[in-house]
Amino acid sequence: MSAINELLIGYYKPEQYTTTKIKVYNTDGKECHTSNYPHKLWSNLKKSALAEGKALYYSGEGWKKVPMAEYDMDVQQKAEPIPAPEVPAEHAELMHLIHTSYDLKPKGLKMNELKWKYLMRSGMRGKNIMMTGPAGCGKTMAAKALVNALDRPDFYFNLGATQDPRATLIGNTHFSKEAGTYFSEALFVKAIQTPNAVILLDELSRAHPDAWNILMTVLDAGQRYLRLDEASGQATINVADGVTFIATANIGNEYTSTRVMDKALMDRFTIIEMDLLSKEEEADLLAYMFPLVKSKELANIAGITEMTRKECNNEESRLSSPVSTRTAVEVASLLYDGFTLQEAAGITIYPQYSADGGVDSERTFVKQIVQKFCDDGTEEDLFNTDELEGEEI
């Protein structure tokens, strides 16, 4: 039987159209021109079916009369919605946790609801997560917030400060007079063998390439093992079930001490980018952390960070980097301890910018921005080139 013929099989209802013409409708309510069918529907059959209150059925081999109840039942079955498959209880519980998890986010972490839910979902699913964004935007804080929200065993490794990645990730070979040469495993080996552990790999973009090579098989979903090539016998350690890796990375030309990460390594992660805070979000964060500092002073700090960020977005920016949220928090803490905004900026903000170029330097430009928000009566000479030349960068 041809595919077209199979599509025509079904129930049909005859209805009087004119005194001499009878039309035939399928169960979808559409008129059917039966003259095009492989088997002819004779007029006498249509007339007798209509007279007897019966329906017609086409079997692919010809036509026949059937009770109208069969036609009505077929119409009803098509009208009834197909029930959705039932969600397993375990999956339903997981979805509920994900979509109600925003309450678990600490108030001091400024992160939109969608990204927080995605972070939680990735952690619950045992994904490898990479938090990216500019320095001081809260990447490590977000990673630690996830650890606290999941309430799982956690381990922290600062790969950017590691001089010997093999010793940190695999272990060391030692010698003693009593035991001779022996191998001691690194804490990382214990960490990956801990079921449902959350392992934070901080400053991954600053890590030595040897660390990346070691982590390749550990992070690969199809491998998930670590070879202890420093140990006798070169044992292979499998990553335990449910282990989640969270890395933080600064990615961009302004981070000169970072390395361009291998694309194959990046591909092993689910990437979540931290957003820069708006002026209002920055002010809210500072007010939450330092409620005793005047709101106007906190708004001034937020205004300074916003202006430096806008400047950095210009094509011909006069700044190499903006004031980070981490720096803004430090400035607010100095105000809390009784320093003026001008004094706090001189201690925390100005040293981050070069004084090369005198009045055209980055430092002079930042001083101009800060001065717009200072109302402490000071009249600092922003163009004192003698002072600028004497400052250490």
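Residues numbered from 1 in each chain as written. Predicted model: local features only at pLDDT ≥ 70, side-chain atom pairs only at ≥ 80, totals over all residues. Heavy atoms only, no water.

**Q** Residues and numbers for helix α11 (residues 279–289), please.
**A** Those residues of α11 not exposed but buried are E282, A283, L285 and L286. Angularly, the buried residues of α11 cover 160° about the axis, an arc narrow enough to put them on a single face. In this structure, the buried side of α11 is in contact with α12 (295–312) and α13 (325–336). (Buried < 20%, exposed > 50% of the residue type's maximum accessible area, 1.4 Å probe, protein only. Helix = DSSP H or I, 4+ residues; strand = E, 2+ residues; numbered from the N terminus. Arc of directions from axis to C-beta. Contact = heavy atoms within 4.5 Å.)

**Q** An account of unusual backbone geometry is needed here, citing residue identities and associated values.
**A** Here the phi dihedral of N196 falls at roughly 65°; this positive angle occurs in a residue that is not glycine. Here N196 is to be found in the loop between α8 (187–192) and β9 (198–202). A positive phi angle is found at E203, which is not glycine, with a value near 55°. Position of E203 relative to the elements: it lies in the loop between β9 and α9 (209–219). In this structure E203 comes out as partly exposed when scored by relative accessible area, which is 24%.

**Q** Help me get a handle on the sheet that holds strand β4 (residues 63–67), residues and values and all.
**A** Strand pairing in a sheet relies on backbone hydrogen bonds. The paired strands run either parallel or antiparallel. As summarised here, the arrangement of the four strands in space is β2-β1-β3-β4, forming an open sheet in which the pairing is antiparallel. Either end of the sheet is taken by a strand with one partner, and the two such strands are β2 (22–26) and β4. The sheet shows a mean angle of 40° between the axes of neighbouring strands, taken without regard to direction. Inspection of the sheet shows strand β1 (residues 10–16) paired to strand β3 (residues 54–58) by three bridges, in the antiparallel sense. Opposite Y11, over in β3, you have Y57 as the bridge partner. Taken strand by strand, helix α2 (residues 43–52) contacts β1, β2, β3 and β4, and its axis lies near 0° from that of β4. (Pairing = 2+ DSSP bridges. Axes fitted to C-alpha atoms, helices over the stretch in contact; angles between N-to-C directions.)

**Q** I'd like a description of the packing of aromatic side chains, backed by residues and values.
**A** Following the criterion strictly, the structure yields nine aromatic pairs and no others. On the numbers, 4.7 Å between centres and 55° between planes, the contact of Y11 with Y57 is tilted. Placement of Y11 in strand β1 and of Y57 in strand β3 is noted, with a sequence separation of 46 residues between them. Ring centres of F188 and F245 lie 6.4 Å apart, and the angle between their planes is 40°; on these two criteria the pair is classed as tilted. Remark: F245 occurs in strand β12 (residues 244–249) and F188 occurs in helix α8; sequence separation between them is 57 residues. Take F188 and F245: they sit in the same class, and that class is buried. (Phe/Tyr/Trp six-rings, centres within 6.5 Å; stacked < 30°, edge-to-face > 60°.)

**Q** Account for the pairing of β1, with residues named and values stated.
**A** Here β1 pairs with β2 via five bridges, running antiparallel. Bridge pairing in β2 links P14 to V24.

**Q** Give a detailed account of helix α15 (residues 362–371), specifying residues and quantitative values.
**A** Burial runs high along α15: nine of the ten residues are buried. When α15 is considered as a whole, its buried residues turn out to be E362, R363, T364, F365, V366, K367, I369, V370 and Q371.

**Q** Quick one: what's the story with the side chain of S122, residue by residue and with numbers?
**A** Relative to the assigned elements, S122 resides in helix α5 (residues 113–124). On the basis of relative accessible area, S122 is assigned to the buried category, the value being 0%. When sequence neighbours within four positions are dropped, the list of residues in contact with S122 reads K127, I129 and T270.

**Q** I'd love a proper account of the packing of α11 against α13, names of residues and values included.
**A** Interhelical geometry of α11 versus α13 gives an angle of 45° and a closest axis separation of 10 Å. By the criterion of interaxial angle, the relationship of α11 to α13 is oblique. When you trace α11 past α13, the crossing you get is right-handed. Packed against α11, whose contacting residues are E282, L285, L286 and M289, the element α13 presents T325, A328, V329 and A332 at the interface. Split by residue class, the contact of α11 with α13 holds six nonpolar, one polar and one charged. (Parallel < 35°, antiparallel > 145°, perpendicular 65-115°, else oblique. Left-handed = near helix turned anticlockwise from the far one by under 90°. Nonpolar A, V, L, I, M, F, W, Y, C, P; charged D, E, K, R; others polar.)

**Q** Tell me about the packing of α12 against α15, and name the residues and values.
**A** Relative orientation of the contacting elements α12 and α15 amounts to 140°, with a least axis distance of 9 Å. As far as their axial angle goes, α15 and α12 are oblique. The way α12 lies across α15 gives a crossing that is right-handed. On the side of α12, the interface is formed by I304, M307, T308 and E311, while α15 contributes F365, I369 and V370.

**Q** Could you give me a rundown of the confidence of the model for the chain, with the residues and numbers involved?
**A** When pLDDT is averaged across the chain, the result is 84; 89% of the residues are at 70 or more. Per-residue pLDDT stays below 50 along residues 253–257; that stretch engages in six contacts with residues further than four places along the chain or on separate chains. Counted against residues more than four places away or in other chains, residues 377–393, with its pLDDT under 50, gives 31 contacts. (pLDDT = per-residue confidence, 0-100.)

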